[in-house]
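Fold and geometry: a report
Listed below, chain by chain, are the residues.
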Amino acid sequence: MSRPEFQAPPEIYYGDTEAKKYTHNTRNQAIQAEMTDRALELLNLPEGQPALLLDIGCGSGLSGEILDEEGYTWVGLDIAPSMLEVALEREVEGDLFLHDIGQGLGFRPGSFDGAISISVLQWLCNADTTSPTSSPPARLTRFFTSLHAALTRSARAVFQFYPQSDDQVTLITSIAMRCGFEGGLVVDYPNSQKAKKFFLCLFAGGGESSGGARRKVEIPKGLDGDGGEQEREPAAFEKRRTNGRGEKGKKRKGAKENHKDWILRKKELYRKRGKEDVPRDSKFTGRKRKSVF
Amino acid sequence: MVRLITHNLLACHAKGCTTNNFPLAFRDVQLENREAEYNPEFLKGFMPKIEWNALVSTARELGDVSLPAECPEPGTETDEFLHALHHVLMEIHVEEGSMVCPNCQHVYRISNGIPNMLLAEHEIK
């Protein structure tokens, strides 16, 4: 399937239907949540201190919800009005802005303690028109310059993104460095084709300098998946398509799911998808009626 | 959903608008009060970032006069003051209206609580 950024600009691609689909997809929810958690971990905020964060490309607030849970105050930016509408419906806590990040951010210097962005940067790398102001390098430069200004000195910014090629990674990182950031790319699960995740970790102020000597910032290590202490469970990959005939049949028989479990599972799924009027669970759920009835 | 906490951070970012572009002035606003969790730690941490004069003048424009004209010295904030600050920063939401840049008069419309910060092609830096 071709990548969404090739199909249309984000504000058009994420129209009303796509925004709803994207948000109610439980697999998307799981992946977004997992990546937000990881981004927060990379952000390495001082523990126990409330912070003001910037969510760049907040969309329908899937990542914002995690920030709410963690007790952070946040401000979200997105270019797709339909996504923001869904976010309003979901009643997230942060302030939302309709904003094209490629036009630069309009915040006072030193406003935010950190920034996260999930699956956004690749959208900045496509030009919609041929005017020089909307070329990808110009848009990236405006964005990184204004972001650098808007962050406090010790703040970090973590971007999860899906680069199309190595050239694109180089382009993005080199522009970020030119705009005053330090840091680099963190790759999680580099050996897995599917679980591989790219995080661009940027430091606005170069870390705490101790005794006048400027310490070089250390880029966090990516997860590689074979460390014994890693307990995190990545979002499961669906095997619907790859499942062969023989194996499938065996698996189905092996996992015994009775009538009631099946009903409960389906009801849970509908609730997750936001369907209304799902009957509540009770001790009568999935029971047969008496024969006299 | 524009709260004064974000309004206090927001400056006009149109091309050539670099001085006197803060604070954006509210016009024809509809307000809504929504309760938020009181978090004194966060407020204390956020205090140094506030442009106090801008906050007080905007709050008075919106009809809230609970804040003192002078920002108290760090460490001397009373509980009552923090509650007032919390109300002004976190609980007043601007739902409809517009924000106008004092310098270039660019109008940022707010509809449904979401301000439209998009610029036209010729306004991009």
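Fair warning: this is a prediction, and the values are worked out from it, not measured in the lab. (Residues numbered from 1 in each chain as written. Chains lettered and ligands numbered in written order. Predicted model: local features only at pLDDT ≥ 70, side-chain atom pairs only at ≥ 80, totals over all residues. Heavy atoms only, no water.)

Attention now goes to the overall build of chain B. When its secondary structure is counted, chain B shows four helices and five strands. Helices and strands in chain B line up, N terminus first, as β-α-β-α-α-α-β-β-β. Against the compact-globule benchmark of 14 Å for 125 residues, chain B has a radius of gyration of 15 Å, which places it among compact chains. Projecting the C-alpha coordinates of chain B onto the three principal axes gives extents of approximately 50 × 30 × 20 Å. (Helix = DSSP H or I, 4+ residues; strand = E, 2+ residues; numbered from the N terminus. Rg over C-alpha atoms; globule rule 2.2 N^0.38 Å.)

The next thing to look at is the state of the cysteines. Residue and element names in this part refer to chain B. Scanning the entire structure with this criterion turns up zero disulfides over all chains. Unpaired in this structure, C17 has its nearest cysteine sulfur neighbour in C101, at a distance of 3.5 Å. We note that C104 lacks a disulfide partner, and the nearest cysteine sulfur, in C17, lies 3.6 Å from it. Classification of C104 by relative accessible area gives partly exposed; the value is 35%. (Disulfide = S-S within 2.5 Å. Buried < 20%, exposed > 50% of the residue type's maximum accessible area, 1.4 Å probe, protein only.)

The strands making up a sheet associate through backbone hydrogen bonding, with each pair oriented either parallel or antiparallel. Residue and element names in this part refer to chain A. Pairing is mixed in the open sheet, where seven strands are placed in the order β3-β2-β1-β4-β5-β7-β6. Each end of this open sheet is capped by a strand with a single partner; those strands are β3 (95–98) and β6 (182–188). The sheet shows a mean angle of 15 degrees between the axes of neighbouring strands, taken without regard to direction. Relative to strand β2 (residues 73–78), strand β1 (residues 52–56) runs parallel, the two sharing five bridges. (Pairing = 2+ DSSP bridges. Axes fitted to C-alpha atoms, helices over the stretch in contact; angles between N-to-C directions.)

Size of an interface: often given as the accessible area lost when the parts come together. The interface of chain B with chain A comprises 30 residues on the first partner and 32 residues on the second. Summed over both partners, the interface of chain B with chain A buries about 2,600 Å², with 61% contributed by carbon and sulfur atoms. For the interface between chain B and chain A, the tally reads three salt bridges. One salt bridge in this structure joins K49(B) and D113(A), with 2.9 Å as the shortest N-O distance. If you look at where chain B meets chain A, you find eleven residue pairs in polar contact (both at pLDDT 80 or more). Listing elements by their share of the side of chain B that touches chain A, those giving two or more residues are β1 (2–3), α1 (4–7), α2 (40–46) and β5 (114–115) of chain B. (Contact = heavy atoms within 4.5 Å. Buried area = accessible area lost by both parts, 1.4 Å probe. Salt bridge = Lys/Arg side-chain N within 4 Å of Asp/Glu carboxyl O. Polar contact = N/O pair within 3.5 Å; in protein donor to acceptor, adjacent residues only side chain to side chain.)

This part is about the packing of helix α4 (residues 26–43) of chain A against helix α5 (residues 62–70) of chain A. Residue and element names in this part refer to chain A. Packing of α4 against α5 brings their axes to within 9 Å, and their N-to-C directions diverge by 50 degrees. When the axis of α4 is compared with that of α5, the two are oblique. The two elements α4 and α5 meet at a crossing, and its hand is right-handed. Residues Q29, Q32, A33, T36, D37 and L40 of α4 pack against L62, S63, I66, L67 and E70 of α5. Each residue belonging to the contact of α4 with α5 can be placed in one class, and the counts come to five nonpolar, four polar and two charged. (Parallel < 35°, antiparallel > 145°, perpendicular 65-115°, else oblique. Left-handed = near helix turned anticlockwise from the far one by under 90°. Nonpolar A, V, L, I, M, F, W, Y, C, P; charged D, E, K, R; others polar.)

Let us now look at the UniProt feature "domain: Methyltransferase type" (unreviewed entry) in chain A. The feature "domain: Methyltransferase type" (unreviewed entry), as given by UniProt, occupies residues 54–125 of chain A in the numbering adopted here. Along residues 54–125 of chain A one finds 25% helix and 28% strand; the C-alpha atoms at either end are 21 Å apart. (UniProt positions renumbered as here; feature names shortened; annotations may be inferred.)

Our focus in this paragraph is the pairing of strand β7 (residues 197–203) of chain A. Residue and element names in this part refer to chain A. By the criterion of burial, β7 is predominantly enclosed, with seven of the seven residues buried. Here β7 shows no split at all, with K197, F199, C201 and F203 on one side and F198, L200 and L202 on the other all buried. Examined bridge by bridge, strand β5 (residues 151–161) and β7 share six bridges and lie antiparallel to one another. By the bridge assignment, A157 is partnered in β7 with L202. Sheet topology note: the β6/β7 ladder contains seven bridges and is antiparallel. When the sheet's bridge partners are listed, V186 is paired in β7 with F199.

As a further point, take unusual backbone geometry. With an omega of -10 degrees, the peptide bond between F22(B) and P23(B) qualifies as cis. Along the polypeptide, P23(B) turns up in the loop between α1 and β2 (25–33). Despite not being glycine, Y189(A) has its phi angle at roughly 50 degrees, a positive value. In this fold, Y189(A) is placed in the loop between β6 and β7. Notably, D28(B) is not glycine yet its phi reads approximately 45 degrees, a positive angle.

Quick look at the packing of aromatic side chains now. Residue and element names in this part refer to chain A. Counted by the stated rule, this structure contains 13 aromatic pairs over all chains. Plain terms: the ring middles of Y13 and Y14 are 4.9 Å apart, the flat faces sit at 85 degrees to each other, and that makes the pair edge-to-face. Across the pair, Y14 and Y13 agree in class, each one buried. In this structure an aromatic cluster arises from ring pairing among Y13, Y14, Y22 and W123. It is K275 that lies over the ring of Y270; its NZ or CZ is 4.4 Å from the centre. (Phe/Tyr/Trp six-rings, centres within 6.5 Å; stacked < 30°, edge-to-face > 60°. Lys NZ or Arg CZ within 6 Å of the ring centre and 35° of its normal.)

Turning next to the packing of helix α3 (residues 16–24) of chain A against helix α6 (residues 81–89) of chain A. All names here are of chain A. Across the interface, α3 lies against α6 with an axial gap of 8 Å and an inter-helix angle of 50 degrees. One element, α3, and the other, α6, form an angle in the oblique class. Considering how the two elements wind past one another, α3 and α6 form a crossing that is right-handed. Residues D16, A19, K20, Y22 and T23 of α3 form the contact with α6, whose participating residues are S82, M83, E85, V86 and E89. Looking at the contact of α3 with α6 residue by residue, the class counts come to four nonpolar, two polar and four charged.

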